[in-house]
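# What the coordinates show
Below, each chain spelled out in residue letters.
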Amino acid sequence: MGPPGRQLLYNRRVDRPKVLVTRAIPEEAFALLEKHFKLERYDKHAAMPRALLLRRIRDKDGLLCILTDKVDVELLEAAPRLKAVATYSVGFDHVDVKACALRRVVVSNTPGVLTETTADFTWALLLAASRRVVEGDAFMRAGRYKGWDPMMFLGGDVHGKTLGIVGFGRIGQAVARRAQGFGMKVLYYDRQRLFTELESQFGARYCELDELLRGSDFVTLHCVLDASTFHLIDARAFALMRRSACLVNAARGPIVDEKALVAALRAGRIRGAGLDVYELEPKTAAGLSRLRNVVLAPHLASASLETRTKMGLMAAQGLVDALVRRKAPEHAVDRELCRELFPAA
Ligand code: DGY
């Protein structure tokens, strides 16, 4: 047996809560986790196989997961010790929050830190789709550019047009702020209407979804995915949209009926689309990637080094709060459960 000091350190180590991290994330987040937990890392740039996840979660107190790891009843049943789940994402549609609450498992996410980065990327998609940036890039790389042509790759203007924002939370509002710089008219639709002072701050007018679809040159999606928004944008919605309109989706794939989108793009029912997310991600609907009037990104909207680092630290802090400090994580999803679990905090 070593000197008493070392023994104490050893004991503290073995008593540390055990946490599983399902994916490689920025090292700063691991550094914070390593200070507090006995860590098990699935350090790959690929999804942790489900069977392995179900095995490894068995003795864990905490889980740091990403948006492709389903936290459902099956996982919870495989994890009798689990007390906290931190998802490295703002969206938590992959987490069964009710089932977690029933088992007294605290769930936290990463809102706020990715708002501006996601809004920037929304504009990258919107501009690229409308001004045909990706087609032009492919044309150049193929060595096909033989000189300036007045009729080459004519896109549609963005400035001065009408932007329809579906889902007017943090990200939708950040997108609206940027629209002011383009001198655009902004319509928005959400379950809840904002106070008029806020609406005028964003220069945005509330309207019902159908009016927004009919009246917008660009429709951008920023709502959460749940039963009420699944296939919100379907064949009926495309039929309402302007033929000159572009759709942008940097929220969640299943909000759009992707087969109907392919049909609409093929038929010229709408002019174009910019997509960061897919209905059956990472797969794309048949024919989508062959269409030239769509810009496709691999779920990159929050992918700046700064933001992904902040997301990692926030997710890690959620676990430290719930498992070590025994207090509600600042970004707990279920505040009511936290009030029950941490009454003094
Ligand atoms: C999220 O956080 O929900 C995004 O989809 C990835 O950053």
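Residues numbered from 1 in each chain as written. Predicted model: local features only at pLDDT ≥ 70, side-chain atom pairs only at ≥ 80, totals over all residues. Heavy atoms only, no water.

This next bit is on the overall build of the protein chain. When helices and strands are counted, the protein chain shows 14 helices and 12 strands. By its C-alpha atoms, the protein chain is 85 × 50 × 35 Å across when sized along the principal axes. Taking the contacts inside the protein chain whose residues are at least 6 apart along the sequence as the reference set, 58% of them involve residues at least 24 apart. A total accessible area of about 17,500 Å² is found for the protein chain, and carbon and sulfur atoms account for 55% of it. (Helix = DSSP H or I, 4+ residues; strand = E, 2+ residues; numbered from the N terminus. Contact = heavy atoms within 4.5 Å. Areas by Shrake-Rupley, 256 points an atom, 1.4 Å probe, with all protein chains shown as cover.)

Turning our eyes to something else, we now look at helix H13 (residues 305–325). Since the α-helix advances by 3.6 residues per turn, residues separated by three or four positions end up pointing in the same direction. If you check H13, its first and last C-alpha atoms are 28 Å apart, about what 21 residues at 1.5 Å a residue would give, namely 30 Å. Following H13 by one or two positions, Arg326 has its phi on the positive side, about 55 degrees. (Expected span 1.5 Å × (residues − 1).)

Now for the packing of aromatic side chains. Counted under the stated rule, the structure contains 6 aromatic pairs. Pairing Trp123 with Phe182 gives two aromatic rings, centres 4.8 Å apart and planes at 5 degrees, and the pair type is stacked. Highlighted residues: Trp123 in helix H6 (residues 115–131) and Phe182 in the loop between helix H8 (170–181) and strand S7 (185–189), separated in sequence by 59 residues. Between Phe168 and Tyr188, the aromatic rings sit 4.3 Å apart at their centres with planes inclined by 25 degrees, giving stacked as the arrangement. With Phe168 in the loop between strand S6 (162–166) and H8 and Tyr188 in strand S7, the pair connects residues that are 20 residues apart, well separated along the chain. (Phe/Tyr/Trp six-rings, centres within 6.5 Å; stacked < 30°, edge-to-face > 60°.)

Moving on: the site of the ligand. Residues in close proximity to the ligand include Leu67, Ser89, Val90, Gly91, Leu114, Arg252, His299, Ser302 and Met311, which together make up its full environment. Interatomic distance of 2.7 Å between a side-chain N/O atom of Arg252 and an oxygen atom of the ligand. Within the contact set of the ligand, an oxygen atom lies 2.7 Å away from a side-chain nitrogen or oxygen of His299. Relative to its unbound accessible surface of 230 Å², the ligand loses 90% to contact with the protein. For the shell around the ligand, the class distribution of residues is 4 nonpolar, 4 polar and 1 charged. (Near = heavy atom within 4 Å. Polar contact = N/O pair within 3.5 Å; in protein donor to acceptor, adjacent residues only side chain to side chain. Nonpolar A, V, L, I, M, F, W, Y, C, P; charged D, E, K, R; others polar.)

All right, on to the domain arrangement of the protein chain then. When the parts of a complex come together, some accessible area is lost, and that lost area is often used as the size of the interface. Examined at the domain level, the protein chain breaks down into domain 1 (18–113 + 304–341) and domain 2 (115–296). Relative placement of domain 1 and domain 2: their C-alpha centres are 31 Å apart. When domain 1 packs against domain 2, close to 590 Å² is buried across both sides, 45% of that on carbon and sulfur atoms. Counting the surface domain 1 buries against domain 2, the share from its top three residues, Leu67, Asp93 and Gly112, is 56%. One can count 1 salt bridge joining domain 1 with domain 2. The shortest N-O distance in the salt bridge between Arg252 and Asp93 comes to 3.0 Å. The interface formed by domain 1 and domain 2 includes 3 residue pairs in polar contact (both at pLDDT 80 or more). (Domains from an automatic or database assignment. Buried area = accessible area lost by both parts, 1.4 Å probe. Salt bridge = Lys/Arg side-chain N within 4 Å of Asp/Glu carboxyl O.)

This brings us to the sheet that holds strand S1 (residues 18–21). Pairing is parallel across the open sheet formed by 5 strands, whose spatial order is S2-S1-S3-S4-S5. Strands at the two margins of the open sheet, each flanked by one partner only, are strand S2 (38–41) and strand S5 (106–108). For this sheet, the mean inter-axis angle between neighbouring strands, taken without regard to orientation, is 15 degrees. In this sheet, strand S3 (residues 62–65) lies alongside S1 in parallel orientation, the contact comprising 3 bridges. Note that in S3 the partner of Leu20 across the bridge is Leu63. Its contacts with the sheet put helix H2 (residues 27–36) on S1, S2 and S3, and the angle it makes with S2 is roughly 145 degrees. (Pairing = 2+ DSSP bridges. Axes fitted to C-alpha atoms, helices over the stretch in contact; angles between N-to-C directions.)

The subject of this paragraph is the pairing of strand S10 (residues 246–249). Here S10 shows no split at all, with Cys246 and Val248 on one side and Leu247 and Asn249 on the other all buried. Both strand S9 (residues 218–221) and S10 contribute to a ladder of 4 bridges, which runs parallel. Pairing of Val219 across the sheet is with Leu247, part of S10. Following the backbone out of S9, through helix H11 (residues 235–240) and into the adjacent parallel S10, one traces a crossover that is right-handed. Relative to strand S11 (residues 272–275), S10 runs parallel, the two being bridged by 4 bridges. From the neighbouring strand, Cys246 faces S11, where its bridge partner is Gly272. Handedness of the crossover is the feature at issue here: the chain leaves S10, passes through helix H12 (residues 258–266), returns alongside S11, and the resulting connection is right-handed. (Buried < 20%, exposed > 50% of the residue type's maximum accessible area, 1.4 Å probe, protein only. Right-handed = clockwise from strand over helix to strand, strands pointing away.)

Another point: the pattern of salt bridges. What the rule picks out here adds up to 25 salt bridges. Linking Arg193 and Glu199 is a salt bridge whose minimum nitrogen-to-oxygen distance equals 2.8 Å. Assessed through its relative accessible area of 6%, Glu199 is described here as buried.

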